[in-house]
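Letter by letter, the chains look like this.
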2 protein chains.
Amino acid sequence: MQQTKILLDEHEIPTHWYNVVADMPNPPSAPLGPDGQPISPAMMQAIFPDNIIEQEMSAQRWIEIPAEVRQALTMWRPAPLFRAHRLEAALGTPAKIFYKYEGVSPAGSHKLNSAVAQAYYNREAGIRRLTTETGAGQWGSSLALAGQMFGIDIRIYMVNVSYQQKPFRRSMMQTWGAEVLASPTHLTEFGRKILAEDPNSPGSLGIAISEAVEEAASRADTKYSLGSVLNHVLLHQTVIGLEAKKQLEKIGEYPDMVFAPCGGGSNFGGLAFPFLADNAAGKKVRLVAVEPTSCPSLTRGHYAYDFGDSAGMTPLTLQYTLGHDFMPPSIHAGGLRYHGASALVSQLYHEKLIEAVAVPQVATFDAGVQFARAEGIIPAPESCHAIRAVLDEALRCKASGEPKTLLFNLSGHGHFDMAAYDKYFAGKLEDYDYPQEAIEAALERLPKVK
Amino acid sequence: MQQTKILLDEHEIPTHWYNVVADMPNPPSAPLGPDGQPISPAMMQAIFPDNIIEQEMSAQRWIEIPAEVRQALTMWRPAPLFRAHRLEAALGTPAKIFYKYEGVSPAGSHKLNSAVAQAYYNREAGIRRLTTETGAGQWGSSLALAGQMFGIDIRIYMVNVSYQQKPFRRSMMQTWGAEVLASPTHLTEFGRKILAEDPNSPGSLGIAISEAVEEAASRADTKYSLGSVLNHVLLHQTVIGLEAKKQLEKIGEYPDMVFAPCGGGSNFGGLAFPFLADNAAGKKVRLVAVEPTSCPSLTRGHYAYDFGDSAGMTPLTLQYTLGHDFMPPSIHAGGLRYHGASALVSQLYHEKLIEAVAVPQVATFDAGVQFARAEGIIPAPESCHAIRAVLDEALRCKASGEPKTLLFNLSGHGHFDMAAYDKYFAGKLEDYDYPQEAIEAALERLPKVK
């Protein structure tokens, strides 16, 4: 029999997270406050507990995973690594294709890796209530379950249009005991302002972040939790890449190229950063972030200081951005509809230590369906982006005869995204391009920082 | 760390299926034709290939799993066995609770175990086209994927009401390349008859079976495939129990009681039959089939010869039945809405080698939500039936102080059943009882067999 899955035992769950900051050639850029000065930890205490802030600022290479978090991870980890024998045969490629499958988490994606860690640290800090936002619902689902596991009440501001379009993601969060609100709401000043302008506002991730942050900042009993972008979130996701390396090692393989979808950056950072450590030690693995052509922050954005949310309530970070007021088209990969990118991913890209490629929506579903028919698993729209890039590379290998080893992050299943597949089969999915004028116009509106 | 999952490697996937017929104290009752005489293999050749018929009739204890089927099973097997530490703690029970999780299959349930075997045997017999029926969609999804894997075209007659209510199950089948029709259709004589009486017929599993059988019987290039009830289907599912035994053995455990949902019987037979072999060899494990109070074929039905479908097109089998014209209430456990039960399960129940219990709908969702909040995984409504019975037993253990070891089949996830959870939270789920008069009236309408 051909081996399909490379498994690890629970005692092989990583004992430490890997912090890429320790291996970056230059120190990470500092986040800035509204005055253009580096922010202090004290400025973050309104919304985050001290243990999280400490982790966010850390430059320590290895950070121990608390025993209770490792125990929580046993609920679904280690995640299997698959060899895509059937897909390779269908393509007729000499490339070897491997994928790490994070859809085995009960919440359906990699997001739960950071959710359990954040819930743990908040509980340790005495916090009993968290707010957060969610778009497509992957992050909200994950924090709902993690809150249930660690005894923390969770309130989720869910982008109104998603709340209406994806009622079953909402049902899932409620099953795990979380409170879910359609954002904008009348509960926050910012929500009321938006609703006064447009009582039927569809909402946006930016608005939902602003509401969740505003509530956390104004209540002593409540903190805020974010599902991507920040250093500590990317840190928690490195269990993905650390496990994948161990799994490949067991069968004597090492990738030539690593691919992952890239929105805020935790999906990509989680798989890729541990391989970047190898490059720092002399290896030469190519690390490719895959983003939508409709939201091309890395491939076409400006490298500049910008806000993390649309309302301008967060600190400024140096990032690739399309402008914090950018409204991404309604592609189905909701997890990639973000105007900017993590400061760490942005800096690594700027310093040419990683690569990026943008792919159009319809081609990602072509790839997702081809994958599902060969490998069985129906991928989330975000994951379809990585698959598209891998198929393109595998077909290049077919043309050139190169037997490259390719690895990608199958970050989640598409069980709550079947409406998107329906539209694809009905020929109703669109590709969006982002006009050059809009990119240039955004530059004008970026916050001015000396 | 406490061990949560007991895993097996791919080479530990069973090499043989276990045929319970070999260990039954009495030979299985023979299926009868319309003339009341035992049917011959020749009578089944209109709809099944010879290799499947041979398996259906076999009394051989161990039947080798073909290498290509084992290879196909590596797509998701071995399935993990979980120890429900968090659920035990939440209940405060001294019982040890284990569950075999079949929701790891890409189709989301145990049904794929038989689908790949049936697709393989049909392809070996030169068949390139299969018809089948599906209610909730678990079986249709599984055969759609298996057909894609073995190069067989699949046409699925999906019960009309489910086709309308569960559009995403349909999308899933289409993603794997199957053709899905809302039954009744105008394509079959039986479908046209039903539509002439009621153009808006919601359909039923009985009608859909009749349409699929009629088409297969009338086309030389097409055979028929069934997802439960028949001996060969239950045989294919025994990989569940065989793996579970091996997993428990690895940690030195053995169950006092085994629970599984029971509709047609493949869910229950798959987990329980391999333990029945141990009872035949002197062990005393209690095997409990769990059914809905709204469709109580084992606990309240008649042990009599009856048809497998509503239209009376199938052979007659000796089974526990509520009458083949019984229309089960619209509970959300669509996989358990069946008037009868497998002949093997029925005979074992009649001979008191297994037990059965019926549980009401709302209580199954109480149990499912409690399970999801402790263990993370959101269970399918069918699986919630087993969970209800396990919780009841675990609470009895709490009262008595007995540290029993309980095992159940978590046969699938509930990702396509969230509408049912919504109704539960909205207080809109109903319990149905089955009136005694109706049970007695059904006896009058059973086919007369000497």
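Residues numbered from 1 in each chain as written. Chains lettered and ligands numbered in written order. Predicted model: local features only at pLDDT ≥ 70, side-chain atom pairs only at ≥ 80, totals over all residues. Heavy atoms only, no water.

Draft legend 1. Summary view of the overall build of chain A. Within chain A, the secondary structure is distributed over 19 helices and 15 strands. For 450 residues, the compact-globule formula gives about 22 Å, and the C-alpha radius of gyration of chain A, at 20 Å, lands near that figure. In terms of overall dimensions, chain A has C-alpha extents of about 60 × 50 × 45 Å along its principal axes. When each of the 450 residues of chain A is scored for burial, the buried share is 66%. Here chain A displays about 15500 Å² of accessible surface, and carbon together with sulfur accounts for 52% of that area. Here chain A contributes 39 positively and 48 negatively charged side chains, and the mean placements of these two sets differ by 4 Å. (Helix = DSSP H or I, 4+ residues; strand = E, 2+ residues; numbered from the N terminus. Rg over C-alpha atoms; globule rule 2.2 N^0.38 Å. Buried < 20%, exposed > 50% of the residue type's maximum accessible area, 1.4 Å probe, protein only. Areas by Shrake-Rupley, 256 points an atom, 1.4 Å probe, with all protein chains shown as cover. Lys, Arg positive; Asp, Glu negative; His and termini not counted. Charge placed at Lys NZ, Arg CZ, Asp CG, Glu CD.)

Draft legend 2. Fine view of the nonpolar core. Counting 102 residues, the largest nonpolar core has Trp-17, Val-116, Tyr-224, Phe-268, Leu-287 and Leu-407 of chain B as its most contacted members. If we skip the residues at most four places from it in the chain, Val-116 of chain B touches Val-69, Ala-72, Leu-73, Trp-76, Ala-146, Met-149 and Phe-150 of chain B. Core analysis: the second largest hydrophobic core is formed by 69 residues, Trp-17, Ile-154 and Val-213 of chain A together with Ile-378 of chain B among them. (Core = buried A, V, L, I, M, F, W, Y, C linked by side-chain atoms within 4.5 Å. Contact = heavy atoms within 4.5 Å.)

Draft legend 3. Molecular detail of the side chain of Lys-100 of chain A. Residues and elements named next belong to chain A. Position of Lys-100 among the secondary structure elements: in strand E5 (residues 96-101). For Lys-100, a relative accessible area of 0% gives the class buried. Among the polar contacts made by the side chain of Lys-100, one reaches the side chain of Glu-243 at a distance of 2.7 Å. Apart from the residues lying within four places of it in its own chain, the contact partners of Lys-100 are Arg-77, Ala-79, Pro-80, Leu-81, Ile-240, Glu-243, Ala-244, Gln-247, Leu-407, Phe-408, Asn-409 and Leu-410. (Polar contact = N/O pair within 3.5 Å; in protein donor to acceptor, adjacent residues only side chain to side chain.)

Draft legend 4. The arrangement of empty space enclosed by the protein in detail. Residues and elements named next belong to chain B. Under the criterion given, the structure shown has 7 cavities of 30 Å³ or more. Among the residues forming the lining of the largest cavity, the class breakdown is 22 nonpolar, 8 polar and 2 charged. Space inside the second largest cavity adds up to approximately 440 Å³. In terms of lining, the second largest cavity is formed by 32 residues, of which the most central are Lys-111, Trp-139, Leu-205, Ser-228 and Gly-335. For the lining of the second largest cavity, the secondary structure elements donating two or more residues are strand E6 (129-134), helix H6 (138-150), helix H10 (205-218), helix H13 (266-280) and helix H17 (381-400). (1 Å grid on protein atoms, 1.4 Å probe; cavity = no way out; pocket = protein on both sides within 12 Å on 5 of 7 lines; lining within 4 Å. Points joined across faces, edges and corners; volume = space filled by probe spheres on them. Nonpolar A, V, L, I, M, F, W, Y, C, P; charged D, E, K, R; others polar.)

Draft legend 5. Region of the structure containing the relation of the copies chain A and chain B. Mapping chain A onto chain B is achieved by rotating through 180° and translating by 0.0 Å along the same axis, at an RMSD of 0.0 Å. The two molecules are tied by a two-fold rotation axis, judged by turn and shift. Using C-alpha coordinates, one finds that chain A approaches the rotation axis most closely at His-415 of chain A, a distance of 3.3 Å. Of all interface residues in chain A, 100% are interface residues in chain B too; the two copies therefore contact each other through one and the same surface. (Least-squares fit on C-alpha atoms with pLDDT ≥ 70 in both.)

Draft legend 6. The arrangement of the sheet that holds strand E15 (residues 405-410) of chain A in detail. Residue and element names in this part refer to chain A. A sheet is described by the order of its strands in space; here 7 strands give the open sequence E1-E4-E5-E15-E10-E11-E14, paired in mixed fashion. Each edge of the open sheet is held by one strand with a lone partner, namely strand E1 (5-6) and strand E14 (355-359). The sheet contact formed by strand E11 (residues 286-292) and E14 spans 5 bridges and is parallel. Residue Val-288 lies in a different strand from E14, and its bridge partner there is Glu-355. (Pairing = 2+ DSSP bridges.)

Draft legend 7. View of the pairing of strand E5 (residues 96-101) of chain B. Residue and element names in this part refer to chain B. Most of E5 sits out of view: 5 of its 6 residues are buried. In the sheet, strand E4 (residues 81-83) pairs with E5 via 3 bridges, with the strands oriented antiparallel. From the neighbouring strand, Arg-83 faces E5, where its bridge partner is Phe-98. By the bridge criterion, 6 bridges tie E5 to strand E15 (residues 405-410) in an arrangement that is parallel. Considered in E15, the bridge of Lys-100 is made with Asn-409.

Draft legend 8. Summary view of helix H9 (residues 189-197) of chain A. All names here are of chain A. Phe-190, Gly-191, Ile-194 and Leu-195 are the residues of H9 that are buried. One side of H9 carries all its buried residues, which in axial view fall inside an arc of 130°. For H9, the exposed residues set more than 90 degrees away from the buried face come down to Glu-189, Ala-196 and Glu-197. (Arc of directions from axis to C-beta.)

Draft legend 9. Layout of the interface of chain A and chain B. Counting from both sides, the interface comprises 45 residues of chain A and, opposite them, 45 residues of chain B. Surface buried jointly by chain A and chain B totals about 4000 Å² across both partners, of which 58% is contributed by carbon and sulfur atoms. Together, Met-1, Thr-175 and Arg-373 of chain A form the three largest contributors to the area buried by chain A at its contact with chain B, with a combined 17%. Summed over the shared surface of chain A and chain B, the number is 2 salt bridges. Between Lys-5 of chain B and Glu-10 of chain A there is a salt bridge whose closest N-O contact spans 3.1 Å. Summed over the shared surface of chain A and chain B, the number is 25 residue pairs in polar contact (both at pLDDT 80 or more). (Buried area = accessible area lost by both parts, 1.4 Å probe. Salt bridge = Lys/Arg side-chain N within 4 Å of Asp/Glu carboxyl O.)

Draft legend 10. Quick peek at the packing of aromatic side chains. With the rule as written, the count across this model stands at 34 aromatic pairs over all chains. With 6.0 Å between their ring centres and 25° between their planes, Phe-365 of chain A and Tyr-424 of chain A make a pair best called stacked. In this pair, Phe-365 of chain A is assigned in helix H16 (residues 361-375) and Tyr-424 of chain A in helix H18 (residues 418-425), connecting sequence segments 59 residues apart. The interplanar angle of 75° and the centroid separation of 5.1 Å between the aromatic rings of Tyr-99 of chain B and Phe-371 of chain B together place this pair among those described as edge-to-face. Here Tyr-99 of chain B, found in strand E5, pairs with Phe-371 of chain B, found in helix H16 (residues 361-375); they are 272 residues apart in sequence, far enough to count as distant. On the basis of relative accessible area, Phe-371 of chain B is assigned to the buried category, the value being 0%. In this structure, Arg-170 of chain B is placed above the aromatic ring of Tyr-163 of chain B, and the distance from its NZ or CZ to the ring centre is 4.8 Å. Lying over the aromatic face of Phe-275 of chain B, Lys-245 of chain B brings its terminal NZ or CZ to 5.9 Å of the ring centre. (Phe/Tyr/Trp six-rings, centres within 6.5 Å; stacked < 30°, edge-to-face > 60°. Lys NZ or Arg CZ within 6 Å of the ring centre and 35° of its normal.)

Draft legend 11. Representation of the sheet that holds E6 of chain B within the structure. All names here are of chain B. The strand order E8-E7-E6-E9 describes an open sheet built from 4 strands, whose pairing is parallel. Looking along the sheet, the strands with just one partner apiece sit at the ends: strand E8 (179-183) and strand E9 (223-224). Both E6 and E9 contribute to a ladder of 2 bridges, which runs parallel. From the neighbouring strand, Thr-131 faces E9, where its bridge partner is Tyr-224. Contacts between H10 and the sheet are confined to E6, strand E7 (153-159), E8 and E9, with E6 contributing the most and set at about 170° to the helix. (Axes fitted to C-alpha atoms, helices over the stretch in contact; angles between N-to-C directions.)

Draft legend 12. The arrangement of unusual backbone geometry in detail. A cis amide bond links Arg-77 of chain B with the next residue in sequence, Pro-78 of chain B, at an omega value of -5°. Tracing the chain through its elements places Pro-78 of chain B in the loop between helix H3 (67-73) and E4. With an omega of 10°, the peptide bond running from Ser-183 of chain B to Pro-184 of chain B counts as cis. Along the chain, the position of Pro-184 of chain B falls in the loop between E8 and helix H9 (189-197). Its identity as a non-glycine residue notwithstanding, Val-229 of chain A has a phi of 70°, on the positive side. Within the secondary structure, Val-229 of chain A is located in the loop between strand E9 (223-224) and helix H11 (231-237). The class of Val-229 of chain A is buried, set by a relative accessible area of 18%. Unusually for a residue other than glycine, Lys-352 of chain B sits at a positive phi of about 60°. For Lys-352 of chain B, the location among the structural elements is in the loop between helix H15 (343-350) and strand E14 (355-359). The class of Lys-352 of chain B is exposed, set by a relative accessible area of 72%.

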